[in-house]
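# Geometric and topological summary
The chain contents come next:
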Amino acid sequence: MDGNILIVDDDPNVVEIITDSLRSRGYVTESAYNGEDALRKYEDFKPDLVVLDVVLPGKNGLAVCGEIRARDVNYDVPVIMISANPIPDDLLETYLLGAQDFIRKPFSVKEILAKVDTFLSQACGRRDLREKNEILEDEVLKGQEDLKRVNRELKKKVFDMRTLFDLSQDLNRLRDPDDLVNVFFLTIAGQLGIGSLALFYARSDGDAYLTFAGGKGIRDGVLRAFQLSRAAGLSGHLLGGQEVVDLRRSALPGEARREASFMAGLGFHYCYPLVVKSSLVGVVFFGGKVSGQRYRANELEMFRSICSSAATGLENARLYQELQSTYLSTIKVLVSTIEAKDAYTRGHTDRVALFARMIAEEMQLERKDLETVSFGATLHDIGKLGVYEDILNKPGELTDGEWKIVRSHPEVGANIIRNMKFLESACDLVRHHHERLDGRGYPDGLKGKEISIGARIVAVADSFDAMTSDRPYRQAFSYQEAIEQLRMQTDKFDSDVIEHLVRLIEAGRIRGE
Ligand SMILES: [Fe+2]
Ligand SMILES: [Fe+2]
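Residues numbered from 1 in each chain as written. Chains lettered and ligands numbered in written order. Predicted model: local features only at pLDDT ≥ 70, side-chain atom pairs only at ≥ 80, totals over all residues. Heavy atoms only, no water.

Within the chain, the regular secondary structure consists of 19 helices and eleven strands. Expected size for 513 residues packed as a compact globule is a radius of gyration near 24 Å; at 48 Å, the chain overshoots this value by more than 25%. Projected onto its principal axes, the C-alpha coordinates of the chain cover approximately 150 × 60 × 40 Å. Taken across its 513 residues, the chain has 44% of its residues classed as buried. The long-range share in the chain, meaning contacts at least 24 apart out of those at least 6 apart in sequence, stands at 60%. Surface exposure of the chain reaches about 27100 Å², of which carbon and sulfur atoms provide 52%. Side chains of the chain carry 67 positive and 80 negative charges; the gap between the two charge centres is 4 Å. (Helix = DSSP H or I, 4+ residues; strand = E, 2+ residues; numbered from the N terminus. Rg over C-alpha atoms; globule rule 2.2 N^0.38 Å. Buried < 20%, exposed > 50% of the residue type's maximum accessible area, 1.4 Å probe, protein only. Contact = heavy atoms within 4.5 Å. Areas by Shrake-Rupley, 256 points an atom, 1.4 Å probe, with all protein chains shown as cover. Lys, Arg positive; Asp, Glu negative; His and termini not counted. Charge placed at Lys NZ, Arg CZ, Asp CG, Glu CD.)

So this is what it looks like as C-alpha cells:
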C-alpha cells in the first residue's frame, strides 16, 4: 500500500509494533514520542495519516489533533487516536470531532491495519473528488468567461457592422469631398482609436499628384506643401500590393523609401491605398493607437473596409462634381447666348456671379449657401432666352406687352432649371432676383425677409452691375454714384447687403475699370 504514516506514542514498544506491521504492508512510517515532536514531524514528513496516542508528555494527543485539524482544513489527513485509558465523554465530544476514530489499548494490530487501510482509501477518494470538483468549477467559470467574451465580441461585431453600414450610407450620400473626408476621419479615428491620420487624394481624374486633403492629430503645415506622385514612388508600391505598409520596416525601392521616411519622420507608422477600379485615388497615412496598443487583425480588416467605402465615396463625389461642372458649363454657354443677343449686357452674368459670391463670403454665409449664390447668380437671367432679341435691344420705351414679356424672365428661368436636381436651391434665387423689400417686385410680390438672403444678394449685385454698365439710354454710373443710388432705394434693396458690397469696394477687392 502507498502512504506515509506518522506514529505518535510515548511508549517505544507500541511505536515499534505499529511501525513493523505498517511497514510490512508497504507503508512508509515516521515516529514521534511527544506532542511537540509530533507537530514538527507532521510539517516535515507530510503524513497521509496519523496514529496518535492521547496521553503524551508535554502537549497531549488531543491538543496535537486540534492543531493538525487547524492546519488540514479539508480533512485530508485522517487521525486515529489510541489510548490506554477511557476518555471522558465531554472531552470526546470536544476533541474527537477532529479525529477519524478512537482505539482502546490494548489493540489488535489487525484492527489498526484495517482502519489505516480504510481511512486512507476514504481520504484518497475525498481528495480526488475535491480535485475533480475544483477542476469542474474552474471549467464552469472559464465557460462563463468564454461566454462573456464571445458575447462581448459579438456585440462589438454587430456595432462594427452597423458603423460600417451607416458609414457606407453616409459616404454614398455625401457629395462634398470635404464633408466626406471629415466623416471618414471621425469614423476611423473613433472606431480604431488612431492618434494621427492624414489623407492625400487626387481631386480630379487627370491629376498626376495626390495632395493633402486633411488630417487629424497632426500639424498640417508641412503636409500642405507635400505631394505624392500618383504613379511612382509610394503610390506605385501601394497600388501593386494594396496592403497596409509599415513605413518604418518595409524594404521599399528608392523614391518610395524617401516618401515613406519623410512621413515616418512626421509620426506616421503605416499607409494604405484608396483604390477604385484599379486606379489609385488616394493614400491614407496613420500613426499608432492612442492607447499605445498594437492594431488587432480585425481592426485592420475594419480599417480596410472603411477605406474601401471612402474610396468609392470620394470617387462618386468627384464624378458628381465633374457632372455638375459639365452641366454648369452647358448652362453658361446658354447664358452667353443671351449676352450675344443683348450687346449691352456682355460680361454681366460673370460680374454678377463674382459680386454676389464676394458679398456672400463677406457676409459669412455657409459654404453650401455660397455655392447656391454662385449658381443662382450665374443663372439669374437665363429666362431671357425666352425674350425676343429686338425687345432686349430696344432703345426706346417698351410697350406694356413688351414689359410683360421682359418681366416673365425670372419665372421662365426658374422653370428652365427646376428639374435639375443640383440646381434646385438656386431656383429660388433665379425666380426672386427682381423681388423688392416693399413687396412691389415680381413675379411673386414677396416682402422683406420673405425674400431669401441669396435672392437679396443677387438683386443688389445685378442692379449694381446694371448701373455701372453703359445702357442704350444712359451712360454708366461711377461706383460711388451707383452705391448712392442703391442706398437711396431702401424700399427695394437690403441695406445690410449694400453695406457689405461697400466694404468690398472700399477694401479695393471690387474695382471699377
Ligand atoms: Fe433679371
Ligand atoms: Fe441681370
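Around the iron ion (ligand 1), the protein contributes the donor atoms Asp381 (OD), His409 (NE2), His433 (NE2) and His434 (NE2), at 2.2 to 2.3 Å from the metal centre. Each of the four donor atoms bound to the iron ion (ligand 1) contributes to angles spanning 84 to 174°, and the resulting shape is irregular. All donors to the iron ion (ligand 1) come from one chain, and their sequence spacing reads D-x27-H-x23-H-H. The distance between the iron ion (ligand 1) and the iron ion (ligand 2) comes to 3.7 Å, and Asp381 binds to both of them. With Asp381 in the loop between α12 (367-379) and α13 (389-392) and His409 in helix α15 (residues 409-417), this residue pair connects regions lying 28 residues apart in the sequence. There is no split in this pair, since Asp381 and His409 are both buried. (Donors = N, O, S within 2.8 Å, 3.2 Å for Na, K, Ca; no water. Tetrahedral: all angles 85-135°; square planar, octahedral: opposite > 155°, others 65-115°.)

Moving on, we come to the coordination of the iron ion (ligand 2). On the protein side, the iron ion (ligand 2) has His348 (NE2), His380 (NE2), Asp381 (OD) and Asp462 (OD) as donor atoms, found 2.1 to 2.4 Å from it. The coordination sphere of the iron ion (ligand 2) comprises four donor atoms, whose angles at the metal cover 73 to 176°; the geometry is irregular. Read N to C, the donor residues that coordinate the iron ion (ligand 2) are spaced as H-x31-H-D-x80-D.

Here the chain is described as being made up of domain 1 (4-128), domain 2 (174-316) and domain 3 (342-506). Once you take the C-alpha centre of each, domain 1 and domain 2 turn out to be 78 Å apart. (Domains from an automatic or database assignment.)

The next thing to look at is the side chain of Lys105. Within the fold, Lys105 resides in the loop between β5 (101-104) and α5 (109-173). Engagement of the side chain of Lys105 in a polar contact is seen with the side chain of Asp9, the distance being 3.0 Å. The contacts of Lys105, once residues within four sequence positions are left out, are Asp9, Val14, Asp53, Ile82, Ser83 and Ala84. (Polar contact = N/O pair within 3.5 Å; in protein donor to acceptor, adjacent residues only side chain to side chain.)

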